[in-house]
Amino acid sequence: MISATHLIDGQCVAGEGINVSRPSPVSREAIALAPLVSAEQAVKSAQAATRAAPDMATLDISQRAAVLCDLANRIEADAQSIADLVTLENGCPCDQAVGLQIGSAAGLLRAYADLALTHSFEERRTGLRGGYTHILRQPVGPALGIVPWNVPLFLACMKLAPAIAAGCPIVLKPSPESADSMGRFAQHLSQLELPAGGVQSVIGDADIGRAMVEDPSFAKISFTGSTPAGRAVGMAAMERFARVTLELGGKSAAIILDDVDPTALPSELWLAIMQNNGQVCGAQSRILVPASRVKAYEDAIAALFDGLVTADPRESGTKVGPVVSAKAAAAIKEVVAAEIALGGQRLTQDRPVRGGAFVAPTLIRPSAQSAVILERELFGPVATIQPYRDEDEAIALANDHRYGLSGSVWSSDTDRAVAVARQLKTGTVGINTKKILDYSSPFGGWRSSGIGRELGPEGINAYTETSTIIAG
Ligand code: NAD
């Protein structure tokens with residue numbers, strides 16, 4: 001166990017707020033036994049960000065890029081230690097943790113370093129009323145990045161990297177569930193050659209987050225988390241017209257086309273559904289299969305799930321570990337039990353699991369299209385399977401949802417899969433891949449999955465305001 005560290009105005013400091021302690025879902029020992037940030041410390045971070053704004057805005061673009069590469073190198077050198085902390089915090093299997101939790105963050109930082117160097121911060125256009133216009137993309141000002149616990153470093157970097165690239169100071173507000181890993185991350189942030197207050201991290205709970213969203217120091221709020229919390233953040237931001245990006249929940253569909261042999265399922269399919277124990281916003285937790293061979297697909301996918309080693313995530317070979325807490329596991333099991341009581345069928349074995357936070361990988365044939373299990377994001381190793389008669393019905397089922405974050409199409413014919421993908425009303429669609437994003441291209445949700453886009457040049461533009469100079 002280590003103490004949560006906060007980075008405020010260039011200094012690593014201990015928290016002066018409430019003490020949190022919770023059992024690790026893995027070891028069941030107390031983790032994150034350290035004070036969170038206090039409301040006063042959060043205000044100090046906002047003031048420091050305001051002071052840093054002019055220096056951040058004028059920081060040379062090559063230095064912004066160098067800082068991002070420096071951070072990538074630092075976390076990569078410390079990858080195993082940070083990954084071990086994340087595994088203890090949220091159950092991420094050790095075989096996945098270094099790549100998913102830290103490698104992805106380092107890759108994203110380097111991608112943004114390159115993007116920053118080539119980004120179009122100024123543009124000249126021929127005026128359609130004569131003369132020309134000159135468009136400036138200026139730093140929006142101090143930013144607040146609120147992040148959840150499931151992939152904490154990566155999601156923090158999704159906000160920090162474009163903010164630095166655009167010349168904005170940013171205060172990260174990670175979740176208490178990720179206090180140890182994000183405390184260690186803060187120590188790396190403190191080593192960066194940036195103005196004091198250029199990057200800060202204050203680990204706090206939802207109350208601290210709420211207060212920070214209302215702080216007028218922040219011109220921009222980028223929030224990743226659940227849809228209910230995102231709605232509250234968005235409404236509070238609108239009260240004072242703060243710029244806002246919301247990356248929210250999902251319930252994405254994996255469409256398996258009829259040319260996929262059920263006896264030879266694609267090797268990445270299980271990861272698209274169960275990576276990080278299903279605790280991924282873009283998890284493909286609604287599986288759609290051809291009705292003509294529904295039994296063959298049900299049997300094959302149930303056997304795949306039953307074969308996933310569900311054990312201590314610190315052991316190599318474990319495919320599924322516990323979810324973040326016993327409380328989260330109980331909530332997932334409650335939805336599954338309610339669905340079975342309504343006539344839904346469990347197709348996987350109800351096998352014993354080793355502790356309160358574990359949920360056995362579960363495949364459910366739902367009782368109805370209106371079933372709660374189809375509607376609600378469960379954030380665990382549970383998926384549904386539904387038959388479709390033809391591609392039009394598969395597309396309609398995939399699109400018939402309040403969430404629209406991700407999706408995937410699986411086929412031996414890429415052109416055919418892309419033709420289906422083009423009809424999906426969702427932010428990102430993978431073809432035969434577990435990947436739910438690419439650093440080069442916009443990522444974000446339709447409908448209740450959010451507003452705005454991260455990654456790619458769009459991600460940098462989200463931390464800028466345009467000013468147009470008209471030369472008559
Ligand atoms: P959460 O909404 O409970 O918390 C997320 C963060 O917001 C935490 O730091 C929390 O302290 C803070 N917070 C909560 N309520 C707040 C409020 N009213 N004002 C300000 N801050 C507040 O979510 P969680 O349980 O930590 O994470 C899981 C959720 O995150 C899932 O719904 C998942 O789909 C979503 N998520 C989305 C993406 C994406 O990119 N779309 C990525 C990862 C996770």
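Engineer: What is the right way to look at the sheet that holds strand S5 (residues 122–126) in this model?
Structural biologist: In a beta sheet, neighbouring strands pair by backbone hydrogen bonds and run either parallel or antiparallel. Within the open sheet, the three strands sit side by side as S5-S6-S22. Their pairing is antiparallel. At either end of the open sheet lies a strand with only one pairing partner, and these are S5 and strand S22 (464–471). The average undirected angle you get between the axes of adjacent strands in this sheet is 20°. Sheet topology note: the S5/strand S6 (residues 132–139) ladder contains five bridges and is antiparallel. Within the sheet, the bridge partner assigned to Glu122 lies in S6 and is Leu136.

Engineer: I tried to follow the site of the ligand on my own but got confused; where do I start?
Structural biologist: Lining the immediate environment of the ligand, one finds 27 residues, of which Val147, Lys173, Ser226, Leu248 and Glu377 sit closest. Here an oxygen atom of the ligand and a backbone polar atom of Gly225 are 3.5 Å apart. At a separation of 2.5 Å, an oxygen atom of the ligand approaches a polar side-chain atom of Glu377. Within the complex, 89% of the 850 Å² of free accessible area of the ligand lies under protein.

Engineer: It is not clear to me how the packing of helix H2 (residues 61–77) against helix H6 (residues 179–189) should be interpreted in this structure. Could you clarify?
Structural biologist: If you want to describe how two helices pack, look at the angle between their axes and the distance between the axes. Running from amino to carboxyl end, H2 crosses H6 at an angle of 135°, the nearest separation of the two axes being 10 Å. The angle between H2 and H6 falls in the class oblique. Seen from above, H2 lies across H6 with right-handed handedness. For the pair H2 and H6, contact is made by Leu71, Arg74 and Ile75 and by Phe185, His188 and Leu189, respectively. Split by residue class, the contact of H2 with H6 holds four nonpolar, one polar and one charged.

Engineer: Mind showing me how you'd approach the side chain of Ser104 here?
Structural biologist: Tracing the backbone through its elements, the reader meets Ser104 in helix H4 (residues 94–118). Each residue touching Ser104, except ones within four places of it in the same chain, is listed here: Gly99, Phe154 and Tyr439.

Engineer: How should I be thinking about the packing of H2 against helix H5 (residues 152–166) in this particular structure?
Structural biologist: Contact geometry for H2 and H5: axes closest at 9 Å, N-to-C directions at 160°. Classified by the interaxial angle, the pair formed by H2 and H5 is roughly antiparallel. As for how H2 packs across H5, the hand of that crossing is right-handed. Residues Ile61, Arg64, Val67, Leu68, Leu71 and Ile75 of H2 form the contact with H5, whose own contacting residues are Leu153, Leu160, Ala161, Ile164, Ala165 and Ala166. Residues belonging to the contact of H2 with H5 are distributed by class as follows: eleven nonpolar, no polar and one charged.

Reading the values: rules and limits
- Residues numbered from 1 in each chain as written.
- Predicted model: local features only at pLDDT ≥ 70, side-chain atom pairs only at ≥ 80, totals over all residues.
- Heavy atoms only, no water.
- Pairing = 2+ DSSP bridges.
- Helix = DSSP H or I, 4+ residues; strand = E, 2+ residues; numbered from the N terminus.
- Axes fitted to C-alpha atoms, helices over the stretch in contact; angles between N-to-C directions.
- Near = heavy atom within 4 Å.
- Polar contact = N/O pair within 3.5 Å; in protein donor to acceptor, adjacent residues only side chain to side chain.
- Areas by Shrake-Rupley, 256 points an atom, 1.4 Å probe, with all protein chains shown as cover.
- Parallel < 35°, antiparallel > 145°, perpendicular 65-115°, else oblique.
- Left-handed = near helix turned anticlockwise from the far one by under 90°.
- Contact = heavy atoms within 4.5 Å.
- Nonpolar A, V, L, I, M, F, W, Y, C, P; charged D, E, K, R; others polar.

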